[in-house]
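Listed below, chain by chain, are the residues.
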Amino acid sequence: MRLRPRSALVLALASVAGLLMFAWPLLVPAGAALAGGAGAPLLFALLLPLVLAVVLAELADGGIEVSALALLGVLSAVNAGLRALGAGLVGVETVFFLLVLAGRVLGPGFGFVLGCTSLLASAVLTAGVGPWLPFQMVAAGWVGLGAGLLPRRPRGRAEVALLTGYAVVAALGFGLLMNLWGWPLATAGTGASYVAGAPLGDNLGRLLLYSALTSLGWDVGRAVTTAVGVLLAGPAVLAGLRRVVRRTSFAPPADAAPADAPRAGDPAGDDPAGDEPAGDDPAGRAPGGRMAG
């Protein structure tokens, strides 16, 4: 999914709008209409799917190859199944490590869409549909988006180390964002409760205390699970996804680097893996398995 300039602009504007829908408790003054009651989170839960629909429509308008759409469906289904494996276990979130790795290889646009579809599919599979789902979809989309925007140069162990560190930060950030959604709905009257119109520093301190008291174990468990998944499965999954990209009619991988350029031992330079003969295909097929002509 190529991020054209217009697509990138739409995604950026939608991300800003989504961030404001998450962070409104820290920003609204005491007298604002959004400051009181539980109406604001529920209102944004209705508006956020419209923002998501605009972004997904714009990304799709840029052109999605059939092979890319098929890979999106497969990875979304795998992620939904992986998330179900951790259901009911404190902090065991097995959905994010594959999202990080796929976003790294397939780019920020694909990573954002995969995050949205993975959480949607897993919510349907585990009966987790509710007003929190659009926020989960956007936050997971940002996880895949961020993985696709990481520096392209590191490879090998350095790349795995970079993705492991990102996985920890992204997993903790996901938990904090979801706390921002549910925090105003929590019972008032404690030192960790949301206070409408309170100074930014006071409410931020209350949010951090609320997160420490209610979800720190889940967030740390998610970070550890995601980091371990990247460490153990990262090299194999990265290599497999890159091989899929090379063997299909995709555009060049989002993380193409000089290491993917033709090597001295590849006469034609058509096969980055070096395991296909150079020259014309006697079956009359173009590179990538598509029929010529």
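Structure shown above.
Here the structure is a predicted model, which means the values were calculated and not measured.

Caption draft 1: Highlighting the overall build of the chain. Along the chain, the regular secondary structure elements total nine helices and zero strands. In sequence order, the chain lays out its α and β elements as α-α-α-α-α-α-α-α-α. Taking all 293 residues of the chain together, the buried fraction comes to 44%. For the chain, long-range pairs separated by at least 24 residues make up 75% of all intrachain contacts whose partners lie at least 6 apart in sequence.

Caption draft 2: Highlighting the packing of aromatic side chains. The tally for this structure, following the rule as stated, stands at seven aromatic pairs. Geometrically, the ring pair formed by Phe135 and Trp181 is tilted, given 5.7 Å between the ring centres and 50 degrees between the ring planes. Taken together, the residues span a long stretch of sequence, with Phe135 in helix 6 (residues 133-148) and Trp181 in helix 7 (residues 157-182) at a distance of 46 residues. Each member of the pair Phe135 and Trp181 is classed as buried. Here the aromatic cluster, defined as three or more aromatic residues joined through ring pairs, consists of Phe22, Phe135, Trp142 and Trp181.

Caption draft 3: Highlighting the nonpolar core. Within the largest apolar cluster, 65 residues are counted, with the highest numbers of intra-cluster contacts made by Phe22, Leu75, Leu106, Phe112, Phe135 and Leu180. Looking at this core, the element that brings in the most residues is helix 6, giving 10 residues.

Caption draft 4: Spotlight on the side chain of Glu159. Turning to its location among the elements, Glu159 is positioned in helix 7. One polar contact links Glu159 to Arg242, side chain to side chain, over a distance of 2.5 Å.

Caption draft 5: Structural detail: the packing of helix 3 (residues 66-85) against helix 5 (residues 108-125). At their nearest, the axes of helix 3 and helix 5 sit 8 Å apart, and the two run at 45 degrees to each other. One finds that helix 3 runs oblique with respect to helix 5. When you trace helix 3 past helix 5, the crossing you get is right-handed. For the pair helix 3 and helix 5, contact is made by Ala68, Leu71, Leu72, Leu75, Ser76, Asn79, Ala80, Gly81, Arg83 and Ala84 and by Phe110, Val113, Leu114, Thr117, Ser118, Leu119, Ala121, Ser122 and Leu125, respectively. In the contact of helix 3 with helix 5, the residues fall into 12 nonpolar, six polar and one charged.

Rules used in this analysis
- Residues numbered from 1 in each chain as written.
- Predicted model: local features only at pLDDT ≥ 70, side-chain atom pairs only at ≥ 80, totals over all residues.
- Heavy atoms only, no water.
- Helix = DSSP H or I, 4+ residues; strand = E, 2+ residues; numbered from the N terminus.
- Buried < 20%, exposed > 50% of the residue type's maximum accessible area, 1.4 Å probe, protein only.
- Contact = heavy atoms within 4.5 Å.
- Phe/Tyr/Trp six-rings, centres within 6.5 Å; stacked < 30°, edge-to-face > 60°.
- Core = buried A, V, L, I, M, F, W, Y, C linked by side-chain atoms within 4.5 Å.
- Polar contact = N/O pair within 3.5 Å; in protein donor to acceptor, adjacent residues only side chain to side chain.
- Axes fitted to C-alpha atoms, helices over the stretch in contact; angles between N-to-C directions.
- Parallel < 35°, antiparallel > 145°, perpendicular 65-115°, else oblique.
- Left-handed = near helix turned anticlockwise from the far one by under 90°.
- Nonpolar A, V, L, I, M, F, W, Y, C, P; charged D, E, K, R; others polar.

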